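Topology and contacts: notes
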Amino acid sequence: MSVRRIVFSFDGSETSLKALPWAIRFAKESGAATVLLSVFEPLAQYPIGKAANLLQFEMSAKQYLEDLQNEAKEAFLKEGLTIETVLLDGNPADEIISYAAANPIDLILCGTRGLGEFGSLLLGSVAHKLVTYSQVPVLVIK
């Protein structure tokens, strides 16, 4: 089975930054087209009250994620790779799974927090949900 198109789930965290060189290497070696997919999780779904500046804070946080995404894109471009960037809003695991199901994706590559099975079970981490519910194969970089 050849991998022609991958989704690299990127949130700018330490573990996704650690997975970045792996994603680049995998794309280079396989020749697969890469989608750098980030998901902004709106704060409005959390019971934190209706602060007047919540919308402004969310806009700043989303812009920060876009900036991190652009930095990761530059790392791919420096290696001579082309990459598509996608930024979605919602629950990260749900959005990644939906995107992979709706597009011709052969593999999802993501980082993990390295908490082990018990920790990921308690936290319901994105990587754990991807591995559990995705119909597309998932490669988790620790």
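So, here's what we can say about the structure. (Residues numbered from 1 in each chain as written. Predicted model: local features only at pLDDT ≥ 70, side-chain atom pairs only at ≥ 80, totals over all residues. Heavy atoms only, no water.)

With that settled, the discussion passes to the overall build of the chain. Counting its secondary structure elements, the chain contains five helices and five strands. Helices and strands appear in the chain in the N-to-C order β-α-β-α-β-α-β-α-α-β. Counting every position in the chain, which comprises 142 residues, the buried fraction comes to 38%. Counting contacts in the chain only where the partners sit at least 6 residues apart, residues at least 24 apart contribute 76% of the total. A total accessible area of about 8,600 Å² is found for the chain, and carbon and sulfur atoms account for 55% of it. (Helix = DSSP H or I, 4+ residues; strand = E, 2+ residues; numbered from the N terminus. Buried < 20%, exposed > 50% of the residue type's maximum accessible area, 1.4 Å probe, protein only. Contact = heavy atoms within 4.5 Å. Areas by Shrake-Rupley, 256 points an atom, 1.4 Å probe, with all protein chains shown as cover.)

Here helix 2 (residues 54-78) contains 25 residues, and its C-alpha end-to-end distance of 36 Å stays within 8% of the 36 Å for a straight helix at 1.5 Å per residue. Burial in helix 2 covers these residues: L54, E58, L65, L68, Q69, A72 and F76. On its buried face, helix 2 is in contact with strand 1 (5-9), helix 1 (14-30), strand 2 (33-40) and strand 3 (83-89). Positive backbone phi, at 80°, marks G80, one or two positions downstream of helix 2. (Expected span 1.5 Å × (residues − 1).)

Taken by themselves, the reported measurements are silent on function.
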